[in-house]
Amino acid sequence: MRTTRSRLAAVAVATSVLCLLAACGSDDPDVAASDRGGVVATPAEEDAPSVEDEECFAAFPMGGGMTPDLADADLVPADFPEPPVDATLCAITGNAGVGVNLGYLSDAEPADVVAGYLEAFAPYGAVSEDGGHGVTAQAGDVKLLVVPGYGKYEIQLDGR
């Protein structure tokens, strides 16, 4: 009895392997899953998001994982400074009608973010808010608010 079961198990495994090789089609990861009987391929390494992109998406999912370009953001003043702390722009959300949020990843301490933006936004009349827990400034018609956090911070721009 065991021999029969072993043979049946071996035949079932072999049949499954043959099905995967023959009926499911290509082993090319770029071929659509529906073309291979529903088998989903692992994306190629060059298609996999970088660790930084994954961290950005985790911190700012509303950014959609896109690589943002500050030049495309509404309300950003022409003389907008580079981040005064080590930071990566991860997300730009909103528009001139509702306000724009810039999301940055940074390992800088919140106090360092505040101190850095007090200096960087000095030409905009930057002041410390909430007992040193944020920065506000005015660049023409655009109000700027820096909201530091741990591992990230946001700059809110409001032109209304």
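Residues numbered from 1 in each chain as written. Predicted model: local features only at pLDDT ≥ 70, side-chain atom pairs only at ≥ 80, totals over all residues. Heavy atoms only, no water.

### Re the overall build of the protein chain
For step 1, the next point in the chain: For the protein chain, the count of helices and strands is three helices and six strands.
For step 2, the next point in the chain: When the helices and strands of the protein chain are listed from N to C terminus, the series reads α-α-β-β-α-β-β-β-β.
For step 3, the next point in the chain: Expressed as a percentage of the 160 residues in the protein chain, the buried residues total 29%.
For step 4, the next point in the chain: Long-range contacts, defined here as pairs at least 24 residues apart, represent 45% of the contacts in the protein chain between residues at least 6 apart.
For step 5, the next point in the chain: Here the protein chain has roughly 10200 Å² of accessible surface; of this, 54% comes from carbon and sulfur atoms. (Helix = DSSP H or I, 4+ residues; strand = E, 2+ residues; numbered from the N terminus. Buried < 20%, exposed > 50% of the residue type's maximum accessible area, 1.4 Å probe, protein only. Contact = heavy atoms within 4.5 Å. Areas by Shrake-Rupley, 256 points an atom, 1.4 Å probe, with all protein chains shown as cover.)

### Regarding helix 3 (residues 110–120)
For step 1, the next point in the chain: Listing the buried residues of helix 3 in full gives Pro 110, Val 113, Val 114, Gly 116, Tyr 117 and Ala 120. Seen end-on, helix 3 carries its buried residues on one side only, within an arc spanning 165 degrees. Turned more than 90 degrees off the buried face of helix 3, the exposed positions are Ala 111 and Glu 119.
For step 2, the next point in the chain: Those residues of helix 3 that are buried lie in contact with strand 3 (127–129), strand 4 (134–139), strand 5 (142–148) and strand 6 (152–158). (Arc of directions from axis to C-beta.)

### Some words on the state of the cysteines
For step 1, the next point in the chain: Scanning the model with the defined rule gives one disulfide in all.
For step 2, the next point in the chain: Each sulfur of the disulfide joining Cys 56 and Cys 90 lies 1.9 Å from the other. Handedness of the Cys 56-Cys 90 disulfide follows from its S-S torsion of about -50 degrees: it is left-handed. Of this pair, Cys 56 sits in helix 2 (residues 51–59) while Cys 90 sits in strand 1 (residues 88–95), and the two are 34 residues apart along the sequence. When sorted by exposure, Cys 56 lands in the same class as Cys 90, which is buried. (Disulfide = S-S within 2.5 Å.)

### Points about the confidence of the model for the protein chain
For step 1, the next point in the chain: In this model, the protein chain carries a mean pLDDT of 77, and residues with pLDDT of at least 70 account for 68%.
For step 2, the next point in the chain: Considering only residues more than four positions removed or in separate chains, one finds that residues 1–36, a stretch of pLDDT under 50, has 19 contacts.
For step 3, the next point in the chain: Scored below 50 in pLDDT, residues 38–45 shows eight contacts in the model against residues more than four places distant or in partner chains. (pLDDT = per-residue confidence, 0-100.)

### Concerning the pairing of strand 5
For step 1, the next point in the chain: By the alternation rule, side chains of strand 5 split into Val 142, Leu 144, Val 146 and Pro 148, which are all buried, and Lys 143, Leu 145 and Val 147, of which none is buried.
For step 2, the next point in the chain: In this structure, strand 4 lies alongside strand 5, joined through five bridges in antiparallel fashion. Looking at strand 5, one finds that Gln 138 is bridged to Lys 143.
For step 3, the next point in the chain: What sits between strand 4 and strand 5 in their antiparallel hairpin is a turn of two residues, with Gly 140 showing a positive phi close to 65 degrees.
For step 4, the next point in the chain: Counting the residues in the hairpin turn of strand 5 and strand 6 gives three residues, including Gly 151, whose phi is positive at 85 degrees. (Pairing = 2+ DSSP bridges.)

### Examining the environment of Ser 128
For step 1, the next point in the chain: Among the structural elements, Ser 128 can be located in strand 3.
For step 2, the next point in the chain: Residues Ser 128 and Val 114 lie 14 residues apart in sequence; the distance between their C-alpha atoms is 7.4 Å.
For step 3, the next point in the chain: The residues touching Ser 128, leaving out its near neighbours within four places in the chain, are Val 114, Leu 118 and Gly 134.
For step 4, the next point in the chain: A polar side-chain atom of Ser 128 sits 3.3 Å from the main-chain amide nitrogen of Gly 132. (Polar contact = N/O pair within 3.5 Å; in protein donor to acceptor, adjacent residues only side chain to side chain.)

### Observations concerning the packing of aromatic side chains
For step 1, the next point in the chain: In this structure the tally under the stated criterion is five aromatic pairs.
For step 2, the next point in the chain: Seen from their ring centres, Tyr 104 and Tyr 153 are 5.0 Å apart, and the 10 degrees between their planes marks the pair as stacked. Of this pair, Tyr 104 sits in strand 2 (residues 99–105) while Tyr 153 sits in strand 6, placing them 49 residues apart in sequence. This pair shows no difference in class: Tyr 104 is buried, exactly as Tyr 153 is.
For step 3, the next point in the chain: On the numbers, 5.5 Å between centres and 50 degrees between planes, the contact of Phe 121 with Tyr 124 is tilted. Here Phe 121 matches Tyr 124 in class, with each residue buried.
For step 4, the next point in the chain: Taking NZ or CZ as reference, Lys 152 lies 5.1 Å from the ring centre of Phe 60, over its face. (Phe/Tyr/Trp six-rings, centres within 6.5 Å; stacked < 30°, edge-to-face > 60°. Lys NZ or Arg CZ within 6 Å of the ring centre and 35° of its normal.)

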